[in-house]
Amino acid sequence: MTVATNLVERAAAAVPASQRDMANALRALAMDAVEKAKSGHPGMPMGMADVATVLFSRFLKFDPAAPHWPDRDRFVLSAGHGSMLLYGLLHLSGYPDMTTAELQRFRQWGALTPGHPEYGHTPGVETTTGPLGAGLATAVGMALAEEMLAARYGRDLVDHFTYVLCGDGCLMEGISHEAISLAGHLKLGRLIVLFDDNGISIDGAVTLACSDDQLARFAASGWAVTGVDGHDVAAVEMAIAAARADDRPSLIACRTTIGYGAPTKAGSASTHGAPLGAKEIEGARAQLGWTAPPFEVPEPVAQAWAATGDRGRAEHLAWAARLAAADPVLRDAFLAGQTGVVPDSALAALAALRAEFLAAQPSLATRQVSQKIISRLVPAFPALAGGSADLTHSNLTHGEGQVSVTSGDFAGSYLHFGIREHGMVSALNGLALHGGLVPYGGTFLVFTDYCRPAIRLAALMNLRVVLVMTHDSIGLGEDGPTHQPVEHVPSLRLMPNVLVFRPADAVETVDSWALALTQSNRPSVLCLTRQALAALPRGGDPVADGVARGAYVVRAPAAGRQVTLIGTGSEVGTALAAADLLAAEGIAAAVVSAPCFELFREQPAAYRKAVLGEVPRVGVEAALEGEWARWLGEDGTFVGMTGFGASAPAEVLYREFGITAEAVAAAARRLVGAS
């Protein structure tokens, strides 16, 4: 008799039939869907079916008819490869769109059952997961949002938990350290992680590559930890109940058998990422006592699962009654935050600041301008919340009067993420997904390398997250090439559904912030300078929508444009100086500021043609060339970086790397045929 058989018999003896059959329904659906698709991961759903059944039937607060109910518990499947576990749970508990037909279309074009869970595509999926550890790190942001909103609006309106199901792979990824450290430091007591401790990874036994004591690791970061037999539903229930009562985040290591019930493959890596095969599924059905045909669930089991959704509907109605009875001012503020709409007061504050900058024409670093913007937004936009990865005084992300969030007081809006860039952006994603808050976060632009996976997920999930990335070029100076971003702006522009702003002065920075805040379905990266930038010449026409259109003419020659000089950020000033040199020689140059290539790409062709002109073009940017050729054409010339930077004062670097007005003017002369 195999170990797997012993486990099945023990579970059958200890678990009431209805509970056992509820878990076996999840196992059967996972086996059937993966087999039909000839692709997928049956092992984890089969191993964690008992744990998931306890969670959904005894604890999880949710309403299948209202998947966006603000006070629902959040369930995050961090081990996203086991997606059929989640789809089975959604189907059985009554989410109307998750039909049997959708389960049968697992991993097929257009199905609600993609290979890994996708937020915004499948109702009931709280976050896109697949990159291991991402779900755990995102859940930290969700749990943080719950605490912050509860501090503002009270437990009558905000009173829920965030549950995470993760595996060994999630905990091996480096992001897990950042996430568990931050959660432990903040004492996010409503975060409960259920660890599928099955000892198996793709290569085989986890011990091939990892010997960490995960309980000790989490305990060292301030978590409550315990280990249970993941097939002992009574023990799992007791552990979850204890975790809910603890004021620390909790890890429950659930010792399970991957592929539980499979007669020859249970407990082995072969169940992880491949169909079991018809013969193994037949044997598993016999061993589990499951006689229903593929994709069918016996009526008593279906009714038991449906009851879990019914319980959630009653809780939703009770919450709605509390909301209706709440103080009208509190209720209106709560509901306004849930909409995510930027209030008129915030837009008015930005407009007033923009007018001040137009009048004063200040010379400021765009990071300094950003701090002034945040200071104006804080009192006008209560939902705004953010911080920095330990670079507050460099990124200038702290607004005047902004109160810090601490483990003992979540009522503030400023977040100290520590030196955890990947964890920071993952948490920002969680804040955005949770709802009720509009998140921003800052670090040096060069460190977007650390958080790129989370930026990509924000783009994939259509999340409004504002990333304040300062020290955007060799203009930061003496810190040298390790800190000078040269490939970062062009590489970020390659990422779908991301707006990359590089404003050239104070007014453009205000406009960039306003646009970033009003994007409902994509993240924005604000690339801001360390060095001061002079105000652009605008004359009597401030070009109110120039940044919104991605690029616009800052200076047009009196007549007969011969060449167009295009710059971004700090190099728009370089282009203007080059135009002056050319004008002295009788060469008519138009100067274009292009703060956002992505928005410019979205403009009508006629507008783009009018801005760029039908003349030779020179582009200038203190970065690698990237996609500049698209805007410069085959005959255009790019003036910028061709390699890494160096350690020296900024003015020396610009001179030594040839990013000067003289170099731009020389390129223009060559293009127009002037000597």
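Summarised in this report is the structure supplied together with it. (Residues numbered from 1 in each chain as written. Predicted model: local features only at pLDDT ≥ 70, side-chain atom pairs only at ≥ 80, totals over all residues. Heavy atoms only, no water.)

## Here we look at the overall build of the protein chain
In terms of helices and strands, the protein chain carries 26 helices and 20 strands. What you see for the protein chain is a C-alpha radius of gyration of 28 Å, in line with the 26 Å of a compact globule of 675 residues. The principal-axis extents of the C-alpha atoms in the protein chain amount to approximately 95 × 55 × 45 Å. Here the protein chain holds 675 residues, and 60% of them are scored as buried. Taking the intrachain contacts of the protein chain between residues at least 6 apart in sequence as the baseline, contacts between residues at least 24 apart amount to 79%. Carbon and sulfur atoms form 55% of the exposed surface of the protein chain, whose accessible area is close to 24,200 Å². (Helix = DSSP H or I, 4+ residues; strand = E, 2+ residues; numbered from the N terminus. Rg over C-alpha atoms; globule rule 2.2 N^0.38 Å. Buried < 20%, exposed > 50% of the residue type's maximum accessible area, 1.4 Å probe, protein only. Contact = heavy atoms within 4.5 Å. Areas by Shrake-Rupley, 256 points an atom, 1.4 Å probe, with all protein chains shown as cover.)

## Some words on the sheet that holds strand E17 (residues 563–567)
Here 5 strands make up an open sheet; going across it, the order is E16-E18-E17-E19-E20 and the pairing mixed. Strands at the two margins of the open sheet, each flanked by one partner only, are strand E16 (552–555) and strand E20 (637–640). Neighbour-to-neighbour, the strand axes of this sheet turn through a mean angle of 30°, independent of strand direction. Relative to E20, strand E19 (residues 617–621) runs parallel, the two being bridged by 4 bridges. Across the sheet, the residue bridging to Val-620 is Val-639, located in E20. Running over the sheet, helix H26 (residues 661–672) touches E17, E19 and E20 and is turned about 160° from E19. (Pairing = 2+ DSSP bridges. Axes fitted to C-alpha atoms, helices over the stretch in contact; angles between N-to-C directions.)

## Topic: the side chain of Glu-508
Looking at where Glu-508 falls in the secondary structure, it is placed in helix H20 (residues 506–517). One buried charged side chain, Glu-508, makes no salt bridge at all; its nearest oppositely charged neighbour is Arg-538, positioned 4.5 Å away. (Lys, Arg positive; Asp, Glu negative; His and termini not counted. Salt bridge = Lys/Arg side-chain N within 4 Å of Asp/Glu carboxyl O.)

## Let's talk about unusual backbone geometry
One non-glycine residue, Gln-361, lies in positive phi territory at about 50°. As for its placement among the helices and strands, Gln-361 is situated in the loop between helix H14 (344–360) and strand E8 (364–365). Residue classification places Gln-361 among the partly exposed positions, given a relative accessible area of 35%. Unlike most non-glycine residues, His-471 shows phi in positive territory, near 60°.

## Focus: the packing of helix H21 (residues 571–584) against H26
Axis separation between H21 and H26 bottoms out at 8 Å; the angle between their running directions is 55°. By the criterion of interaxial angle, the relationship of H21 to H26 is oblique. Two packed elements cross with a definite hand, and for H21 against H26 that hand is right-handed. From H21, Thr-574, Ala-577, Ala-578, Leu-581 and Leu-582 reach across to H26, where they touch Ala-661, Glu-662, Val-664, Ala-665, Ala-668 and Arg-669. For the contact of H21 with H26, a count of residues per class yields 8 nonpolar, 1 polar and 2 charged. (Parallel < 35°, antiparallel > 145°, perpendicular 65-115°, else oblique. Left-handed = near helix turned anticlockwise from the far one by under 90°. Nonpolar A, V, L, I, M, F, W, Y, C, P; charged D, E, K, R; others polar.)

## Some remarks on the side chain of Glu-280
Relative to the assigned elements, Glu-280 resides in helix H11 (residues 278–288). Of the side chains bearing the opposite charge, Lys-265 lies closest to the buried Glu-280, which forms no salt bridge; the N-O distance is 5.6 Å. Contacts of Glu-280, omitting those with residues within four sequence positions, involve Ala-262, Pro-263, Thr-264 and Lys-265.

## Quick look at the layout of surface pockets
Considering only enclosed or pocket space, the largest pocket measures out at about 530 Å³ in volume. Contributing to the lining of the largest pocket are 27 residues, with Thr-339, Gly-340, Ala-432, Gly-435 and Arg-464 lying nearest its centre. Classifying every residue of the lining of the largest pocket by side-chain character gives 12 nonpolar, 12 polar and 3 charged. If you add up the space inside the second largest pocket, you get close to 310 Å³. As for the second largest pocket, its lining consists of 20 residues, of which His-81, Leu-132, Gly-169, Ser-201 and His-272 are closest to the centre. Going through the elements one at a time, strand E2 (162–167), helix H7 (168–172) and strand E4 (200–201) are the ones with two or more residues in the lining of the second largest pocket. Tallying contributions element by element places H7 first for the lining of the second largest pocket, with 4 residues. Residue composition of the lining of the second largest pocket, by class: 10 nonpolar, 7 polar and 3 charged. (1 Å grid on protein atoms, 1.4 Å probe; cavity = no way out; pocket = protein on both sides within 12 Å on 5 of 7 lines; lining within 4 Å. Points joined across faces, edges and corners; volume = space filled by probe spheres on them.)

## Quick notes on the packing of aromatic side chains
Remark: the centre distance and the inter-plane angle together describe each pair of aromatic rings, the angle taken between the planes. Summed over all chains, the structure comprises 17 aromatic pairs. Considering the side-chain rings of Phe-218 and Trp-223, the 4.9 Å spacing of their centres and the 90° angle between planes classify their relative orientation as edge-to-face. The exposure class of Phe-218 is buried, given its relative accessible area of 0%. Geometrically, the ring pair formed by Trp-628 and Phe-638 is tilted, given 5.6 Å between the ring centres and 40° between the ring planes. Taken together, the positions of Trp-628 in helix H24 (residues 628–632) and Phe-638 in strand E20 put the pair 10 residues apart, joining distant regions of the chain. (Phe/Tyr/Trp six-rings, centres within 6.5 Å; stacked < 30°, edge-to-face > 60°.)

## Section: the sheet that holds strand E13 (residues 499–501)
An order of E10-E9-E11-E12-E14-E13 is seen for the 6 strands of this open sheet, with the pairing classed as parallel. Looking at which strands have only one partner, the edges of the open sheet turn out to be strand E10 (414–416) and E13. Recorded for the sheet is a direction-independent mean angle of 20° between the axes of neighbouring strands. Bridge count between strand E12 (residues 466–470) and strand E14 (residues 524–528): 5 bridges; the pairing is parallel. Note on E14: the bridge partner recorded for Thr-470 is Leu-528. Packed onto the sheet, helix H17 (residues 421–434) meets strand E9 (384–388), E10, strand E11 (438–444) and E12 and runs at close to 170° relative to E11.

## Some remarks on helix H8 (residues 175–186)
The terminal C-alpha atoms of H8, which comprises 12 residues, lie 17 Å apart, in line with the 16 Å expected from a rise of 1.5 Å per residue. Within H8, 10 of the 12 residues are buried, which leaves the element mostly enclosed by the surrounding structure. Every buried residue of H8 is listed here: Ile-175, Ser-176, Glu-178, Ala-179, Ile-180, Ser-181, Leu-182, Ala-183, Gly-184 and Leu-186. Those residues of H8 hidden inside the fold are in contact with helix H6 (134–153), H7, strand E3 (191–197), helix H9 (214–220), E10 and H17. At the exit of H8 stands Lys-187, carrying a positive phi of roughly 55°. (Expected span 1.5 Å × (residues − 1).)

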